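Spelled out from the first residue to the last, the chains are:
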Amino acid sequence: MLGARFAGTCQAILRSPLSFNPARSFSMSPIVEAGYKLKSHSGAKKRWRSLGASSVFKRGKAGHSHLNVHKAPGRKNQLSTTAYSTPRQTVNLNKRLLPYGSN
């Protein structure tokens, strides 16, 4: 009894308009069509932020949060500034490390 009801439900699902329709495949994203997704680099996600349309990235410099007593004032000022990506770094960030953006 239960098996026949289950089989009828499966046939109703297959006939429903919500099932996959090949005529609507044009609306699928390239990521879904490819069948896989690239993984973003977790370290890059935490460090870099994009400016604008991913043309330049910015990050904070390391080494400014603690153990600053022995550092010269000029060095501490340099560590507090923002670092921007070079053109080659921007290509690598867009292509490999952050393929879907950073924000």
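Residues numbered from 1 in each chain as written. Predicted model: local features only at pLDDT ≥ 70, side-chain atom pairs only at ≥ 80, totals over all residues. Heavy atoms only, no water.

A. Spatial organisation of the overall build of the protein chain. A count of helical and extended segments in the protein chain gives 5 helices and 3 strands. N-terminal to C-terminal, the α/β element order of the protein chain is α-α-α-β-β-α-β-α. Within the protein chain, the proportion of its 103 residues that are buried is 14%. When contacts within the protein chain are restricted to residue pairs at least 6 apart in sequence, long-range pairs at least 24 apart make up 60% of them. About 8,500 Å² of surface is accessible on the protein chain, with carbon and sulfur atoms providing 60% of the total. (Helix = DSSP H or I, 4+ residues; strand = E, 2+ residues; numbered from the N terminus. Buried < 20%, exposed > 50% of the residue type's maximum accessible area, 1.4 Å probe, protein only. Contact = heavy atoms within 4.5 Å. Areas by Shrake-Rupley, 256 points an atom, 1.4 Å probe, with all protein chains shown as cover.)

B. Just the sheet that holds strand β3 (residues 82-84), in detail. Pairing is antiparallel in the open sheet, where 3 strands are placed in the order β1-β2-β3. Strands at the two margins of the open sheet, each flanked by one partner only, are β1 (49-51) and β3. Each strand axis lies, on average, 35° off the axis of its neighbour in the sheet, ignoring direction. (Pairing = 2+ DSSP bridges. Axes fitted to C-alpha atoms, helices over the stretch in contact; angles between N-to-C directions.)

C. The arrangement of the environment of Pro-99 in detail. Note that Pro-99 resides in the segment after α5 (87-97). Between the C-alpha atoms of Pro-99 and Ser-40, which are 59 residues apart in sequence, the distance is 6.4 Å.

D. Inspection of the environment of His-41 at higher detail. Among the secondary structure elements, His-41 is positioned in the loop between α2 (30-34) and α3 (42-47). Given a relative accessible area of 44%, His-41 falls into the partly exposed group. Taking the C-alpha atoms as reference points, His-41 and Leu-98, separated by 57 residues in sequence, lie 6.4 Å from one another. In this structure His-41 touches Leu-97 and Leu-98, once residues within four positions along its chain are discounted.

E. Looking closely at the environment of Ser-65. Turning to its location among the elements, Ser-65 is positioned in the loop between β2 (56-60) and α4 (73-79). Given a relative accessible area of 66%, Ser-65 falls into the exposed group. It is 9.4 Å that separates the C-alpha atoms of Ser-65 and Leu-79, two residues lying 14 residues apart in sequence.

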